[in-house]
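Remarks on the overall topology
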Amino acid sequence: MSSIDLPSTPKPSLTRFVLPIVTGAGALFGLLTGSAMDSPSPGLVIGAVVGAALAYALVSFMPSRRAGRWAAVALFAVIGLLVGGLPGIVAGAAIGGVMGWITYWLSTGDYRNTVPIYYTAPQVLWHNTYLFICGLIFFFLIAPIVTILPLSFNAEMFFTFTPKMLALDPEGYSLRHYRDFFSNPDWQQALANSVKIAPLATLLSVSFGTLAAIGLSQEHVPFRRPIMAILISPMIVPLIISAAGMYFFYSRIGLQGTYWGVVLAHAALGIPFVIITVTATLVGFDRSLTRAAANMGADPVTTFFRIQMPLILPGVISGGLFAFITSFDEVVVVLFVGSAGQKTLPWQMFTGLREQISPTILAVAAILVAISICLLTVVEMLRRRSERLRGMSPA
Amino acid sequence: MRRMTTLLATSALAVTASATFAQEMADSMTLVSWGGAYQASQRNAYAEPYKEMHPGLEVVWDESSNEAVAKLRAMNEAGNVTWDLVDVVASDAMRLCDEGLAMEYDPDELLAPAPDGTPASEDFGDLIVSDCFIPQIVYSTTFGYRTDMVGDTPPDDICDVFDLEAYPGKRSLEKRPINNMEWALLCSGVAKEDIYDVLETEEGQNQAFAKLDTIKDQVIWWSAGADTPQLLADGEVVMGSTYNGRLFSVIEEQDQPVAMLWDAQVFDLDGWIIPAGLPADRLARVKDFVKFATDTQRLADQAAYISYGPARQSSAPLVGEHAELGIDMAPHMPTDPDNAQNTFLYNYEWWADYRDDLDAKFQAWLAKG
Amino acid sequence: MSDASTSMSDASTAGPMLAADGTPLKRSLRKALRREKMRALMLIAPLLFFILLTFIAPIADMLFRSVENQIVSNTLPRTVIALDDWDGQEEPGEKVYQALYFDLFVAAEAKEHTKLGTRLNYEETGISSLFRTTGRRSDDIGEAYQDVFEDVDPRFKEAGFWYDMMTAGGGEPDTALMSERLGTMNRLIADLASGDIGFAPAAEISALLPKTAEAYTDFAIFTALADGDVVAEEDPWEAVYAALGVDLANAETRDAVQVYEGPGADALRAAAAAADQLPAGGFKSAFLDVDEDWASQGVWETIKTYSASYTPGYFLNSVDLELSADGISPRDEDQQIYILLFKRTIFMSLTIMFSCILLGYPIAWLLANLPVRTSNLLLILVLLPFWTSLLVRTSAWKVLLQQQGVINDILVWSGIVDDANRLVMINNQFGTIVAMTHILLPFMILPLYSVMQTIPPSYLRAAKSLGATNWTAFWRVYFPQSVPGIGAGSILVFILSIGYYITPELVGGTTGTFISNRIAYHISSSLNWGLAAALGSILLAAVLILYWAYDKIVGIDNVKLG
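What counts as what
- Residues numbered from 1 in each chain as written.
- Chains lettered and ligands numbered in written order.
- Predicted model: local features only at pLDDT ≥ 70, side-chain atom pairs only at ≥ 80, totals over all residues.
- Heavy atoms only, no water.
- Contact = heavy atoms within 4.5 Å.
- Buried area = accessible area lost by both parts, 1.4 Å probe.
- Salt bridge = Lys/Arg side-chain N within 4 Å of Asp/Glu carboxyl O.
- Polar contact = N/O pair within 3.5 Å; in protein donor to acceptor, adjacent residues only side chain to side chain.
- Helix = DSSP H or I, 4+ residues; strand = E, 2+ residues; numbered from the N terminus.
- Nonpolar A, V, L, I, M, F, W, Y, C, P; charged D, E, K, R; others polar.
- Buried < 20%, exposed > 50% of the residue type's maximum accessible area, 1.4 Å probe, protein only.
- Phe/Tyr/Trp six-rings, centres within 6.5 Å; stacked < 30°, edge-to-face > 60°.
- Core = buried A, V, L, I, M, F, W, Y, C linked by side-chain atoms within 4.5 Å.
- Domains from an automatic or database assignment.

**Considerations on the interface of chain B and chain A**
With 31 residues of chain B at the interface, the matching set in chain A holds 27 residues. Carbon and sulfur atoms make up 46% of the surface buried where chain B meets chain A, a total of about 2100 Å² over both sides. If you look at where chain B meets chain A, you find two salt bridges. Where Glu-63 of chain B meets Lys-343 of chain A, a salt bridge forms, and the shortest distance between an N and an O atom there is 3.1 Å. The tally of links between chain B and chain A comes to four residue pairs in polar contact (both at pLDDT 80 or more). The set of elements that each furnish at least two residues to the side of chain B that touches chain A consists of helix H2 (36-53), strand E2 (58-62), helix H3 (68-78) and helix H10 (227-234) of chain B.

Here it is in structure tokens:
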């Protein structure tokens with residue numbers, strides 16, 4: 001956020017612009033707090049008065065943005081403590097943060113920062129509404145994951161926020177579900193199975209997939225489209241159909257309920273991801289490089305490993321990651337094709353959801369989310385590396 | 001060359017050694033059960049003690065009892081049965097026995113006699129409802145309700161489930177016709193002994209559906225045993241049907257404000273079947289385990305972990321206190337005289353014949369909701 | 001790299017252009033091209049083979065199951081043939097009941113009759129129990145004959161006596177009969193062992209007593225191969241006595257027995273003399289005694305209609321029709337659900353698709369128009385749910401949406417909703433739509449984003465500088481260029497959602513479930529695998545059409561991930 005006011009932006013009026021909006025926001029929060037305490041009208045009035053006072057005070061007496069916002073947070077935290085005890089502090093601090101931010105956002109003219117200078121007031125309003133809507137959609141995307149995390153520290157055996165948790169009572173929280181995950185043989189066995197199945201499936205799909213992707217990216221490939229359609233089909237065919245088909249067919253040939261059955265099934269499901277990512281990398285691949293290598297006397301194998309492979313490696317790795325996560329997160333096919341000996345983590349989670357009351361799955365979920373974030377970072381870094389590498393190669 | 005011969009001799013020896021060992025008993029065993037508290041009780045009461053007696057034995061659990069018939073059929077088709085012992089309800093056992101997927105056995109040869117020498121066939125009595133079925137427990141499907149959501153007059157009659165005025169709120173019922181149809185008829189005025197005769201007719205079935213229609217939009221349908229306990233604990237439903245052992249663990253172990261409605265509880269049996277066509281070594285291991293796991297003491301021990309009645313008459317007097325809570329288990333058994341004032345006996349034969357027909361109608365009825 | 005790439009030979013010489021090795025350049029080039037094609041195919045071949053084996057073959061196998069129906073003709077081979085002559089007007093004649101008896105007896109011994117009963121029960125309710133009860137009592141019917149013969153001559157009780165009689169003391173064997181019965185048995189029992197049976201019917205006796213020889217051969221095959229016992233030491237089935245009764249009911253056979261000289265001839269003559277003591281009324285009345293449903297036209301019509309090895313029956317069932325004797329007719333009203341479920345699946349998938357467009361478009365637009373650094377950061381917010389376990393997200397929605405869940409708690413707390421009237425947002429269509437929109441939203445945003453990235457922002461500015469309003473500029477200039485992205489995302493989301501299983505299963509209740517839940521139900525609960533396969537095939541066809549459209553519109557090569 002730039003703190004330099006553009007000369008052409010007039011400073012918004014305090015009484016005609018900032019004050020009414022902040023008062024409105026205060027009234028809204030007041031109404032919510034009031035109705036939570038069964039007295040909506042007084043809440044509305046008190047909220048409006050506090051909001052107006054805050055806006056006036058901050059704009060007039062607190063030119064330092066940082067200090068002003070902390071002051072707002074502190075003020076509302078105290079109000080929260082008076083009204084609702086310990087959880088009130090948290091809620092109050094949050095409301096204070098929002099109020100402080102709104103006040104400065106409006107009063108310094110920051111709200112016009114993201115739009116061109118010639119925008120009219122309704123256009124600015126529309127743009128900010130649009131940003132607000134986008135914020136809500138992002139919230140929709142993230143909210144379920146955020147909800148899961150605190151619940152995984154639940155001290156109870158059920159999936160709900162207990163009153164103790166809401167009151168921020170330390171007794172309402174515990175690490176028991178994490179302990180259960182690390183000590184329960186069922187979960188450990190499931191984890192071990194997942195770790196045994198996913199890498200092998202990934203290896204299969206990556207090695208077959210990369211080879212085929214290189215073949216597909218040649219200039220003259222007969223039946224390219226139908227072949228591509230067949231290779232991508234495991235991603236497109238509904239899982240339940242793949243699972244049913246594999247269940248029947250693997251039963252017939254004796255693969256149902258075996259380790260190799262699950263590995264093969266998962267490898268098949270992962271292949272489209274490898275094909276897609278590797279062919280995408282190969283699209284930008286400069287063929288003159290391999291010709292140059294051949295020209296200098298390198299045989300095809302050397303050319304592949306010394307020239308082609310390093311350049312398409314990011315694509316191969318991210319395809320491999322997709323294939324890995326496909327196997328690691330797959331539940332429908334393994335439910336049908338596997339048997340007890342191949343019970344994977346998702347299977348155990350599915351059982352946890354259906355057969356027994358076990359919030360351990362929330363702890364597992366939290367761990368998996370953490371792993372996902374790590375993997376995501378890896379993919380992002382690989383992508384940047386790939387772009388850098390390709391930028392270096394003569395296009 | 002000499003080295004080669006030695007190598008061959010050693011490996012031949014190893015092969016014979018493992019072969020002789022294999023002929024005795026396999027060193028791993030896959031048990032199939034229902035998961036949750038029930039499987040835990042089996043694990044604690046007999047799988048763990050048995051493992052202690054036989055170190056080196058690997059026991060794998062599979063929570064697939066729900067799909068046991070389908071999976072056994074698929075395994076049989078492939079000629080590759082990976083399960084050694086499967087826990088199923090009596091009706092599934094009959095079905096598996098009919099299709100030749102389960103092994104027929106002789107109770108007095110396979111199962112241990114009672115401590116006083118009563119042969120197993122008498123000790124289990126008529127609970128051996130099929131030639132393949134090795135009974136373990138008597139359980140009941142019954143209702144639990146939230147004590148804090150039913151006002152001052154807690155429900156004491158099965159028909160309170162259908163009474164939306166007195167007990168508003170959602171109920172959870174199992175997503176299948178069995179039990180629900182009987183309860184619906186019972187509450188639409190059919191006498192208990194006529195239920196199955198009435199249900200056999202088209203009008204009777206419509207009568208049952210009509211009764212269920214009155215609460216249809218207030219029902220959450222469950223398909224896994226853990227659903228109703230979870231729904232009750234969350235306060236999502238006022239009352240719901242499930243297995244009595246699941247309710248016991250919600251009430252006593254999880255300490256939730258839930259109580260039992262024992263009226264018109266439906267008794268059912270659960271037990272083991274041995275899949276047909278096991279190789280000799282695995283069969284020997286399973287037979288050894290089953291003999292141990294179904295003896296009088298073991299079945300009584302199981303009741304220390306879950307409130308299901310042991311299937312042996314000789315086990316009943318040995319039922320003691322809960323393993324962790326230390327409360328007396330007898331009053332929590334479905335067979336306790338106080339709880340069993342009005343019970344309902346699940347008619348296996350009838351459902352074996354009508355299950356497919358009614359299932360199709362029931363599912364169609366559900367989908368049209 | 002190839003010989004064609006070397007320099008051209010003398011261009012000035014007349015005739016075809018030659019490569020360095022003297023072959024015409026055209027041919028040389030063609031050869032090089034062919035080699036390149038071969039090399040590409042060689043690279044692809046392992047994967048193609050792998051996918052064909054692990055993925056395409058299972059799907060093909062499933063498609064096959066949706067029409068496969070050999071169970072009827074395998075289990076009741078004789079009955080199916082006997083029914084060929086039945087005109088379907090009245091109850092079939094004694095011949096059919098007789099064939100049914102011998103078929104059913106063997107099937108009951110092999111425990112295959114309940115499978116057939118279950119199969120036919122899908123078409124006509126009640127057949128399952130009919131087969132079950134009849135199978136249980138199939139012994140009784142034969143016992144009536146057995147008692148008569150054993151009264152006539154006690155040697156009929158002996159296993160060895162029967163064995164000697166049927167082998168005619170080691171006479172010329174009837175290999176044709178043996179191999180025919182063995183073939184039938186192998187079709188009936190899938191995993192029948194192979195090996196020495198230790199018995200072969202004598203040609204002499206099979207000419208004299210054809211039915212008896214046939215029944216005894218069945219008994220011998222079953223005893224030796226399925227039970228692993230010695231034929232000569234086992235008492236024959238009741239069905240063998242019944243077969244003897246059938247044979248001796250024939251006057252010509254009775255005459256032939258009088259001159260027969262083989263082992264047991266005297267006992268046979270005595271039995272022939274007692275032919276009038278055999279149960280009157282034959283097999284038909286015996287079956288009607290067991291269950292009067294055997295007189296029902298419907299049962300016999302069903303068996304006849306479904307006696308073909310392949311049937312469209314499952315496909316008809318999956319669109320609420322059924323195959324009956326008079327052709328195709330709609331199913332009973334109270335069993336029609338599949339059309340409803342298909343419609344619901346399509347409706348919900350469309351709703352999910354539109355919600356995804358609605359929510360995904362603004363986000364993709366924002367991402368495409370922000371500076372790269374910011375947009376990459378925000379992209380992580382999109383990708384994080386994409387990479388989070390499906391089960392985790394589904395259970396999170398359970399926690400959020402249920403009546404005592406987070407959203408309802410907040411609404412009640414803030415006074416918007418009364419505590420007594422908490423919103424029902426789960427176990428119905430709403431729950432499925434919300435959860436699946438969330439789960440599939442990244443699949444909409446990512447293709448949209450990659451298309452929007454390629455739209456130059458200057459177009460929009462140009463439009464505005466030419467006097468277009470914001471709305472016009474967006475609607476007439478920007479939006480049309482983003483349509484390919486919408487198309488790609490929509491088809492992807494739609495394809496994925498119509499095949500969804502886990503999420504509707506966990507949050508869908510009864511009204512929010514898809515056709516795939518029904519498929520899973522038929523596979524694991526009702527065990528009607530043929531119907532599951534037929535439903536799956538229809539679903540698969542729908543998906544393939546969309547896949548084809550996707551390929552036409554977007555091109556499979558242009559699918560992008562992250």
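**Examining the interface of chain C and chain A**
In this assembly, 86 residues from chain C lie in contact with 94 residues from chain A. Here chain C meets chain A over a buried area of about 8500 Å², counting both sides, of which 80% is carbon and sulfur. Applying the counting criterion to the chain C and chain A interface returns two salt bridges. Inspection of the region where chain C meets chain A yields 10 residue pairs in polar contact (both at pLDDT 80 or more). For the side of chain C that touches chain A, the element with the highest residue contribution is helix H1 (residues 25-65) of chain C, accounting for 24 residues. The class makeup of the residues in the side of chain C that touches chain A is 62 nonpolar, 14 polar and 10 charged.

**A word on the side chain of Thr-290 of chain A**
With respect to the helices and strands, the residue Thr-290 of chain A is situated in helix H11 (residues 287-295). The class for Thr-290 of chain A is buried, based on a relative accessible area of 16%.

**A short note on the packing of aromatic side chains**
Considering all chains together, one arrives at 70 aromatic pairs over all chains under this definition. The interplanar angle of 50 degrees and the centroid separation of 5.1 Å between the aromatic rings of Phe-248 of chain A and Trp-529 of chain C together place this pair among those described as tilted. Placement of Phe-248 of chain A in helix H9 (residues 239-252) and of Trp-529 of chain C in helix H27 (residues 529-553) is noted, with the two residues assigned to different chains. Both residues of the pair, Phe-248 of chain A and Trp-529 of chain C, count as buried. When the ring of Trp-475 of chain C is compared with that of Phe-479 of chain C, the centres are 4.7 Å apart and the planes differ by 20 degrees; the resulting orientation is stacked.

**Observations concerning the nonpolar core**
Core analysis: the largest hydrophobic core is formed by 261 residues, its most contacted members being Leu-231 of chain A together with Trp-387 of chain C. If sequence neighbours within four positions are ignored, Leu-231 of chain A has contacts with Ala-212, Leu-216, Ile-271, Pro-272 and Ile-275 of chain A together with Ile-44, Leu-47, Leu-48 and Ile-51 of chain C.

**Brief notes about the domain arrangement of chain B**
Residues and elements named next belong to chain B. Looking at the assigned domains, one finds that chain B contains domain 1 (24-138 + 270-329) and domain 2 (141-267 + 331-367). For domain 1 versus domain 2, the separation of C-alpha centres amounts to 27 Å. The interface is formed by 24 residues belonging to domain 1 together with 19 residues belonging to domain 2. A buried area of about 1700 Å², summed over both sides, lies between domain 1 and domain 2, and 60% of it is on carbon and sulfur atoms. Across the contact surface, domain 1 and domain 2 share one salt bridge. Its salt-bridge partner being Asp-92, residue Arg-355 comes within 3.4 Å of it at the nearest N-O pair. Breaking the side of domain 1 that touches domain 2 down by element, the ones donating at least two residues are H2 and helix H4 (90-98). Considering every element that reaches the side of domain 1 that touches domain 2, the biggest residue donor is H4, with five residues. Grouping the constituent residues of the side of domain 1 that touches domain 2 by class yields 14 nonpolar, seven polar and three charged.

**Observations concerning the pattern of salt bridges**
According to the stated counting rule, one finds 31 salt bridges over all chains in the structure shown. With a shortest N-O distance of 3.3 Å, Asp-295 of chain B and Arg-298 of chain B are connected by a salt bridge. Taking the relative accessible area as the measure of exposure, Arg-298 of chain B reaches 18% and is therefore buried. Between Glu-180 of chain C and Arg-181 of chain C there is a salt bridge, and its shortest N-O distance comes to 3.5 Å. When its relative accessible area of 4% is taken as the criterion, Arg-181 of chain C is described as buried. Among the charged side chains, a salt-bridge network with shared partners connects Arg-78, Asp-103, Glu-180, Arg-181, Glu-214 and Asp-218 of chain C.

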